[in-house]
Every structure is written in C-alpha cells, then in structure tokens.
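Survey of secondary and tertiary structure
Residue-level listing of the chains:
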Amino acid sequence: MSQLLEPGMFVRHPAQPEWGLGQVQSVVGPKVTVNFEEAGKVVVDTRVVDLDWVPGL
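Residues numbered from 1 in each chain as written. Predicted model: local features only at pLDDT ≥ 70, side-chain atom pairs only at ≥ 80, totals over all residues. Heavy atoms only, no water.

1. What about the side chain of Asp45?
Note the following rule: Strands are runs of DSSP state E lasting at least two residues, helices are runs of H or I lasting at least four, and both sets are numbered from the N terminus onward. Categorising residues by exposure relies on relative accessible area from a 1.4 Å probe, with only protein chains included: less than 20% of the type maximum marks a residue as buried, more than 50% marks it as exposed, and the intermediate range marks it as partly exposed. Side-chain atoms alone can form a polar contact between residues adjacent in sequence; in general such a contact is a pair of N or O atoms within 3.5 Å, and within protein one must be able to donate a hydrogen while the other accepts it. Any two residues whose heavy atoms approach within 4.5 Å at even a single point are treated as in contact.
Among the secondary structure elements, Asp45 is positioned in strand β4 (residues 40-45). Looking at Asp45, the relative accessible area reads 19%, which means it is buried. Side chain to side chain, Asp45 and Arg47 meet in a polar contact 2.9 Å long. What Asp45 contacts, discounting residues up to four positions off in sequence, is Pro30 and Lys31.

2. Remarks on the sheet that holds strand β1 (residues 10-12)
The condition that has to hold: The rule for pairing is simple: two strands pair if DSSP sees at least two bridges between them.
Pairing is antiparallel across the open sheet formed by five strands, whose spatial order is β4-β3-β2-β1-β5. At either margin of the open sheet sits one strand with a lone partner, and together these are β4 and β5 (52-53). Where strand β2 (residues 22-28) and strand β3 (residues 31-36) come together, six bridges link them in antiparallel fashion. Looking at the pairing, Val27 lines up with Val32 of β3.

By themselves, these figures tell us nothing about what the structure is for.
Here it is in structure tokens:
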C-alpha cells in the first residue's frame, strides 16, 4: 500500500481509530510518516499495517 500513498493524502489506522484522521507527511519505502489528529506524527511500517485511504479530502 505504501507505493500508492503520497504526501498530502488522508488515511486512517485500522487498529487505532481513536487516532482520528491522518495526513501523510512522507513515504520512504515501506515507512510512512503520518500526522494524526489525536496521536501526532507516527511512523507506520506498511509491511505490518495496511493504512486505510480516505478519498475525497
């Protein structure tokens, strides 16, 4: 999934819904840095977690 993500896109973490909406900050290989509304910046390894893309934002 990381190869489909680009900075500026919005995502949600499927296992952490309380983190709220997140905006992709950077993508480096499988590592995606996301700024979540309630959790701040988090580096997500997309080999372990498949982020849910939120289209239309």
